[in-house]
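Fold and contact review
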Amino acid sequence: MAEALRLLVPSKGRIGEQTLDFFARCGLDVVRPNSRAYEATFPTVPNVAILFQRAWQMVEQIRNGDADAGITGFDILSEMRQEGDNLVVVAEDLGYSQGRLAIAVPEEWIDVRTLTDLAEVALEFRERGRVLRIATTFPSQTRQFLFQQGITYFQVVQAEGGLEAAPTLGYADIIVDLVSTGATLKDNRLKMIEHGVILETQACLVGNRERLRASAAKREALRQILEHIEASQSAEPYSTLTANMQGDSAEAIAAKLAAFPEVGGLLGPTIARVFARDEQDDSWFAVTVQVKSKDLLSAVASLRQADCMSVSVTSPHYIFARESSLYRGLLQTLKLEE
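The structure contained in this document is the topic of the report that follows. (Residues numbered from 1 in each chain as written. Predicted model: local features only at pLDDT ≥ 70, side-chain atom pairs only at ≥ 80, totals over all residues. Heavy atoms only, no water.)

Describing the overall build of the protein chain
In plain terms, the rule: A run of DSSP states H or I qualifies as a helix once it reaches four residues; a run of E qualifies as a strand once it reaches two. Both are numbered from the N-terminal end. When we talk radius of gyration, it's over C-alpha atoms, and the globule rule is simply 2.2 Å times the number of residues to the 0.38. Partly exposed residues are those whose accessible area sits between 20% and 50% of the maximum for their type, while under 20% is buried and over 50% is exposed, using a 1.4 Å probe and protein chains only. Residues count as neighbours in contact if any of their non-hydrogen atoms are within 4.5 Å of one another. Under the convention used here, a 1.4 Å probe and the Shrake-Rupley method define accessible areas, while residue burial counts only the protein chains that appear. As used throughout, the charge tally considers Lys and Arg to be positive and Asp and Glu to be negative, leaving His and the chain termini uncounted. Charged side chains are reduced to one point each, which is NZ for Lys, CZ for Arg, CG for Asp and CD for Glu.
Summing up its helical and strand segments, the protein chain has 12 helices and 15 strands in all. Computed over the C-alpha atoms, the radius of gyration of the protein chain is 27 Å, more than 25% above the 20 Å expected from 2.2 N^0.38 for a compact globule of 338 residues. When the backbone C-alpha atoms are referred to their principal axes, the protein chain occupies close to 95 × 55 × 40 Å. Split into buried and exposed, the 338 residues of the protein chain put 46% on the buried side. Once local pairs closer than 6 in sequence are excluded, the contacts in the protein chain between residues at least 24 apart make up 72%. Accessible area for the protein chain stands at about 18100 Å²; split by element, carbon and sulfur atoms hold 48% of it. Charge separation in the protein chain, taken as the distance between the mean sites of 34 positive and 45 negative side-chain charges, equals 4 Å.

Here is the structure:
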């Protein structure tokens, strides 16, 4: 039996819970022997060993080849990436665990509203013989961003957890942390500043270049995972409408529907003969079309105007393209042809 693809999944926190929900939405239910087990499988995709690990440890484990691929935050990946390392981003935007890595200052700093104001504060601190202290879990990105903005007089205080309390506790003046809704900042009397967002982040899928390049069996397992993810994400915004309509022929039905662009579908409507209970009546056709869910009511209105009846609506689970663009992109990155 071929060696299994070793896939790391966050074991804790918001991203851990959201990753399991994400897999379930994609038809990739994760099955583990019990809630304390650190190994699991996908019943729908063979040859995959799922390993639960801390999100901050995963990038290093994948880079070292202890695992083939894994899901982590783009913020963590950006913080830990090294020039010329062995990592490859397989899917950059999985669409969940979004947030912003941002600078936050005390609300009582009423004159500090922009990054330029913060630069002036750093200079004032220096003139008074002290340095602006910044508490963060992301020291590399904080330094890089501030240097790029021309702010050089500061000290990074590396810390983990509860950073919002740092100014109150007195071990830092401001913080750089992940912000989702901003409610936690407000509860701790902190505020974001204009142009103070360092990075937009969400969950991403990253792999080990050499290990994926070396094993066709692991690439095939990863391809099946990517097919589920991509087809599920493609289907998410769509609804499928089916209705009955009378006409002389399928061509006549298509010509009548052409006057309603709201029901144009992805390529065009599917029109099929309905075999009515009255065998003498061959004038009925079924019309099936996929539309954006946000346009559902206008599409139903158009079908009614076209004399359609009995409109039913379902949600597609998957829309598969001719091939997985994510997998095709991976092969190009690995410089492989299949």
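Resuming the write-up.
Considering the sheet that holds strand S12 (residues 238–246)
How we decide: For two strands to be treated as a pair, DSSP must find at least two bridges joining them. To obtain an axis, a line is fitted to C-alpha atoms, over the contacting stretch when the element is a helix, and the angle between two such axes runs from 0 to 180 degrees between their N-to-C directions.
Strand order in the open sheet formed by four strands is S13-S14-S12-S15, with antiparallel pairing between adjacent strands. Of all strands in the sheet, those with a lone pairing partner are strand S13 (270–273) and strand S15 (309–314), marking the two edges. Going from strand to strand, the sheet's axes swing by 20° on average, the running direction of each strand aside. Sheet analysis places S12 next to S15, joined by four bridges and oriented antiparallel. Within S15, the residue paired with Thr240 across the bridge is Thr314.

As for the pattern of salt bridges
Cut-off, in case you're wondering: Between Lys or Arg on one side and Asp or Glu on the other, a salt bridge is scored when a side-chain nitrogen of the former is within 4 Å of a carboxyl oxygen of the latter.
Counted under the stated rule, the structure contains 14 salt bridges. Residue Lys218 pairs with Asp68 through a salt bridge whose shortest N-O separation is 3.1 Å. With Lys218 in helix H9 (residues 216–235) and Asp68 in the loop between helix H2 (55–64) and strand S4 (69–73), the pair connects residues that are 150 residues apart, well separated along the chain. The same class applies to Lys218 as to Asp68, namely buried. With its nearest N and O atoms 2.9 Å apart, the salt bridge here joins Glu220 to Arg223. In this pair, Glu220 and Arg223 both sit in helix H9, three residues apart, roughly one turn of the helix. What makes Glu220 partly exposed here is its relative accessible area of 31%.

Some thoughts on H2
Residues separated by three or four positions in an α-helix point in the same direction, a consequence of the helix having 3.6 residues per turn. Within the sequence span of H2, burial applies to Ala55, Met58, Val59, Gln61, Ile62 and Arg63. Immediately beyond the C-terminal end of H2, within one or two residues, lies Gly65, with a positive phi of roughly 90°.

Some remarks on the nonpolar core
So the rule is basically this: The criterion is simple. A nonpolar core is a set of buried Ala, Val, Leu, Ile, Met, Phe, Trp, Tyr and Cys residues joined through side-chain atoms within 4.5 Å.
Formed by 37 residues in total, the largest nonpolar core has its most connected members in Ile103, Val105, Trp109, Leu118, Leu132 and Ile174. The element that contributes the greatest number of residues to this core is helix H4 (residues 115–127), accounting for five residues. Counting residues in each nonpolar core, the second largest holds 34 residues, with Ile15, Phe42, Leu226 and Leu331 among its members.

Brief notes about the packing of aromatic side chains
Using the following cut-off: Centres within 6.5 Å make a pair out of two Phe, Tyr or Trp rings, where for Trp the six-membered ring is used; the pair is then stacked when the planes are under 30 degrees apart, edge-to-face when over 60, and tilted otherwise. Working rule: Lys NZ or Arg CZ, within 6 Å of ring centre, within 35 degrees of ring normal, means a charge sits over the ring.
A full pass over the atoms with the stated rule returns seven aromatic pairs. Aromatic rings pair up to connect Phe22, Phe23, Phe42 and Tyr96 into one cluster. Between the NZ or CZ atom of Arg32 and the centre of the ring of Phe52, over which it lies, the distance is 3.9 Å. Taking NZ or CZ as reference, Arg273 lies 4.8 Å from the ring centre of Phe275, over its face.

Some thoughts on the sheet that holds strand S10 (residues 190–201)
Whether parallel or antiparallel, the strands of a sheet pair through hydrogen bonds between backbone atoms. Judged by pairing direction, the sheet is mixed, and its five strands sit side by side in the order S8-S7-S9-S6-S10 without closing on themselves. At either margin of the open sheet sits one strand with a lone partner, and together these are strand S8 (154–158) and S10. Each strand axis lies, on average, 25° off the axis of its neighbour in the sheet, ignoring direction. In this sheet, strand S9 (residues 174–179) lies alongside strand S7 (residues 132–136) in parallel orientation, the contact comprising three bridges. In the strand pairing of S9, Ala135 is matched with Ile175. Contacts between helix H5 (residues 139–148) and the sheet are confined to strand S6 (99–106), S7, S8, S9 and S10, with S8 contributing the most and set at about 165° to the helix.

Purely geometric numbers; function is a separate question.
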